[in-house]
Amino acid sequence: MDSLKHKVLAYYKQQVEDKLDAFHDMITALTEGAQNDAKGSAGDKHETALSMMHLEQEKLNHKVAEFLEQQAVLDKINPDTVNTRVVLGSLVTANGHHLFVSTALPKITVDGVTILALSAQSPLGAAMLGKEVGDSFEVNGTKYSITSID
């Protein structure tokens, strides 16, 4: 039986993979659209359409790069690693919140548990790194106490 941490990591990996697939599909569609436009158009209208497509493609490529970075962070995480201190890949319970130290991703619910993925560079993530169960820390005036680390 997979632990909650295994399920959370698998869910986030799938989410990032799905986003990457969607962006690759959009880029392919834009490229095909540009090729089809090139066959049937001429003049200023064509140049403007091509410019717009290139801008859109650049935006999509930027998004793809962001998701590839997130994927690289998730790929570094071994869900079987057991740590007594908060490290990249830790699933931490603090103040009743379940926090997954990885990369900033949308909140999810797995097995009825709401999980918030946050970057190790975020204020909360950075404040937690290296802490142990029972440790307290403060971020933006809110005091947190770590009750479990998985």
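This structure is a prediction, so every number in the text was calculated from the model and none was measured.

Draft legend 1. Structural context of the packing of aromatic side chains. Counted under the stated rule, the structure contains four aromatic pairs. With a centroid separation of 6.4 Å and an interplanar angle of 90°, the aromatic rings of Tyr11 and Tyr12 are classed as edge-to-face. Residues Tyr12 and Phe100 carry aromatic rings whose centres are separated by 6.1 Å and whose planes lie at 5° to one another, so their mutual orientation is stacked. One end of the pair, Tyr12, is in helix H1 (residues 4-40); the other, Phe100, is in strand E2 (residues 97-102), and 88 residues separate them in sequence. You can call Phe100 buried: its relative accessible area is 0%.

Draft legend 2. Layout of a negative patch on the surface. Together, Glu17, Asp18, Asp21 and Asp25 make up a region of like negative charge exposed at the surface. Turning to its location among the elements, Asp25 is positioned in helix H1.

Draft legend 3. Main features of the pattern of salt bridges. As enumerated under the stated definition, the model contains five salt bridges in all. With a closest N to O distance of 2.7 Å, Asp111 and Lys7 form a salt bridge. With Asp111 in the loop between strand E3 (108-110) and strand E4 (113-119) and Lys7 in helix H1, the pair connects residues that are 104 residues apart, well separated along the chain. Given a relative accessible area of 28%, Lys7 falls into the partly exposed group. For Glu56, the salt bridge identified is with Lys59, shortest N-O distance 3.7 Å. Taken together, the residues Glu56 and Lys59, both in helix H2 (residues 44-75) and three residues apart, mark about one turn of the helix. On the accessibility criterion, Glu56 (34% relative accessible area) is partly exposed.

Draft legend 4. Focus on the nonpolar core. Ranked by internal contacts, the top residues of the largest apolar core, which has 22 residues, are Val8, Tyr12, Leu74, Phe100 and Ile115. Contributions of two or more residues to this core are made by H1, H2, E3 and E4. A per-element tally of this core places H1 first, with eight residues. With sequence-adjacent residues up to four places away left out, Leu74 is seen in contact with Leu9, Tyr12, Lys13, Val16, Phe100, Ser102, Thr103 and Leu105. Counting residues in each nonpolar core, the second largest holds 15 residues, with Val101, Leu118, Leu124 and Ile149 among its members.

Criteria and thresholds
Residues numbered from 1 in each chain as written. Predicted model: local features only at pLDDT ≥ 70, side-chain atom pairs only at ≥ 80, totals over all residues. Heavy atoms only, no water. Phe/Tyr/Trp six-rings, centres within 6.5 Å; stacked < 30°, edge-to-face > 60°. Helix = DSSP H or I, 4+ residues; strand = E, 2+ residues; numbered from the N terminus. Buried < 20%, exposed > 50% of the residue type's maximum accessible area, 1.4 Å probe, protein only. Patch = residues over 30% accessible without salt bridge, like charges linked within 9 Å, V, L, I, M, F, W, Y side chains within 5 Å. Areas by Shrake-Rupley, 256 points an atom, 1.4 Å probe, with all protein chains shown as cover. Salt bridge = Lys/Arg side-chain N within 4 Å of Asp/Glu carboxyl O. Lys, Arg positive; Asp, Glu negative; His and termini not counted. Charge placed at Lys NZ, Arg CZ, Asp CG, Glu CD. Core = buried A, V, L, I, M, F, W, Y, C linked by side-chain atoms within 4.5 Å. Contact = heavy atoms within 4.5 Å.

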